[in-house]
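Spelled out, the chains give:
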Amino acid sequence: MYLHLLQLGRISYADGLRLQQDIVAARKAGAIGDTLLLLEHPPVLTLGRNSTRANILASEEALARKGIEVHEVNRGGDVTYHGPGQLVGYPIFDLRGDFPGKRGPHLGPVDFVRLMEEALILTCKDFGVPAQRVCKRTGVWTLAGGSIAEKKIAAIGVHVSQAVTSHGFALNVTTDLRDFDCIVPCGIRDRTVTSLEIESPLATPPTLEDAGQSHAANFGRVFLRQVIAVESLDDLLAASAEVSLNARCRRPLPQRRIMLNWL
């Protein structure tokens, strides 16, 4: 089983959304296999299906001064922030495929989210940051200690259409957390957010490239996929055709495509 990895660097939220739509359409048509997009966005707020604008605390004028866009999207969840220093991932998977723990014809959306959380927990661990799930609060959190409550380090929000997923997760790596002051993150008022940079005890601070490398590997590990990097949508279509041909002929995939570099 394979997972195609398309690393995009920093792109606008609108461009990322359009690319997601193209890849979702290709996945539904069976033209490509399961795909993970890794990228970074300029400052943007996104409002999920369950969101309320009351959770945006800054005025439109203040957001404009900061250069922060606002987009309403069809993912689950409330308002969240994306910005520089944050690793954003959009897994576009067909939930009718083979997955760990799958029961029945489809992997349930909640089970899909739990697998994403597990990959994020492993990535945090790679940087010396113990992380966990919190009951009834989607995402990944640091551990509480003494009078210090757990903090949210990664947010998750997905959309499923015809069994194909879109949207995904956002892991704070070197994110400027002051921009979260513009919102009530995910509608949760009694907890704060944090980042790998703040929480990691390592002598060398984590970079976005480090986090991308780690998370691509952990995503493949948790979802039991071999990760194959591609550079564009055209390459993704070509790689998918090559994987299909090799599978029919029982040939191993050429090693030249197996890379995990953040662009």
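Worth saying up front: this structure is predicted, and the values here are computed from it rather than measured.

A.B. asks: Sorry if this is basic, but what is going on with empty space enclosed by the protein here?
C.D. replies: Empty space among the atoms becomes apparent when a probe as large as a water molecule is rolled across them. Within this structure, the stated rule accounts for 2 cavities of 30 Å³ or more. There is about 70 Å³ of room inside the largest cavity. Along the wall of the largest cavity there are 13 residues; nearest its centre are Thr80, Ala155, Asn172, Phe180 and Val193. Mapped by element, the contributors of at least two residues to the lining of the largest cavity are strand E5 (79-82), strand E9 (152-161) and strand E10 (164-172). Considering each element in turn, the lining of the largest cavity owes the most residues, 4 residues, to E9.

A.B. asks: Just checking my understanding: could you explain the side chain of His71 for this structure?
C.D. replies: Along the polypeptide, His71 turns up in strand E4 (residues 69-72). Looking at His71, its side chain comes within polar contact range of the side chain of Glu69, at 2.9 Å. Look past the residues within four positions of His71 in its chain and what remains in contact with it is Tyr13, Ala14, Val44, Leu45, Thr46 and Leu47.

A.B. asks: Just checking my understanding: could you explain helix H5 (residues 208-223) for this structure?
C.D. replies: Since the α-helix advances by 3.6 residues per turn, residues separated by three or four positions end up pointing in the same direction. Under the 1.5 Å per step criterion, the end-to-end length of H5 is 22 Å for 16 residues, consistent within 8% with the ideal 22 Å. Among the residues of H5, those classed as buried are Leu208, Ala211, Gly212, Ser214, His215, Ala216, Asn218, Phe219, Gly220, Val222 and Phe223.

A.B. asks: How should I be thinking about helix H1 (residues 13-28) in this particular structure?
C.D. replies: In this model, H1 (16 residues) spans 22 Å end to end at C-alpha, consistent with the 22 Å of a helix rising 1.5 Å per residue. Every buried residue of H1 is listed here: Tyr13, Gly16, Leu19, Gln20, Ile23, Val24, Ala26 and Arg27. All buried residues of H1 fall inside an arc of 160° around its axis, so they share one side. Positive backbone phi, at 80°, marks Gly30, one or two positions downstream of H1.

A.B. asks: Would you explain the sheet that holds E5 in this entry?
C.D. replies: Sheet strands line up and pair through hydrogen bonds in the backbone, either parallel or antiparallel. Spatially, 3 strands are ordered E4-E3-E5 in an open sheet, and the strand pairing comes out mixed. Only two strands of the sheet have a single partner each, and these edge strands are E4 and E5. Taken over all neighbouring pairs, the strand axes of this sheet differ in orientation by 25° on average, direction set aside. The sheet contact formed by strand E3 (residues 44-47) and E5 spans 4 bridges and is antiparallel. Residue Val44 lies in a different strand from E5, and its bridge partner there is His82.

The rules behind each value
Residues numbered from 1 in each chain as written. Predicted model: local features only at pLDDT ≥ 70, side-chain atom pairs only at ≥ 80, totals over all residues. Heavy atoms only, no water. 1 Å grid on protein atoms, 1.4 Å probe; cavity = no way out; pocket = protein on both sides within 12 Å on 5 of 7 lines; lining within 4 Å. Points joined across faces, edges and corners; volume = space filled by probe spheres on them. Helix = DSSP H or I, 4+ residues; strand = E, 2+ residues; numbered from the N terminus. Polar contact = N/O pair within 3.5 Å; in protein donor to acceptor, adjacent residues only side chain to side chain. Contact = heavy atoms within 4.5 Å. Expected span 1.5 Å × (residues − 1). Buried < 20%, exposed > 50% of the residue type's maximum accessible area, 1.4 Å probe, protein only. Arc of directions from axis to C-beta. Pairing = 2+ DSSP bridges. Axes fitted to C-alpha atoms, helices over the stretch in contact; angles between N-to-C directions.

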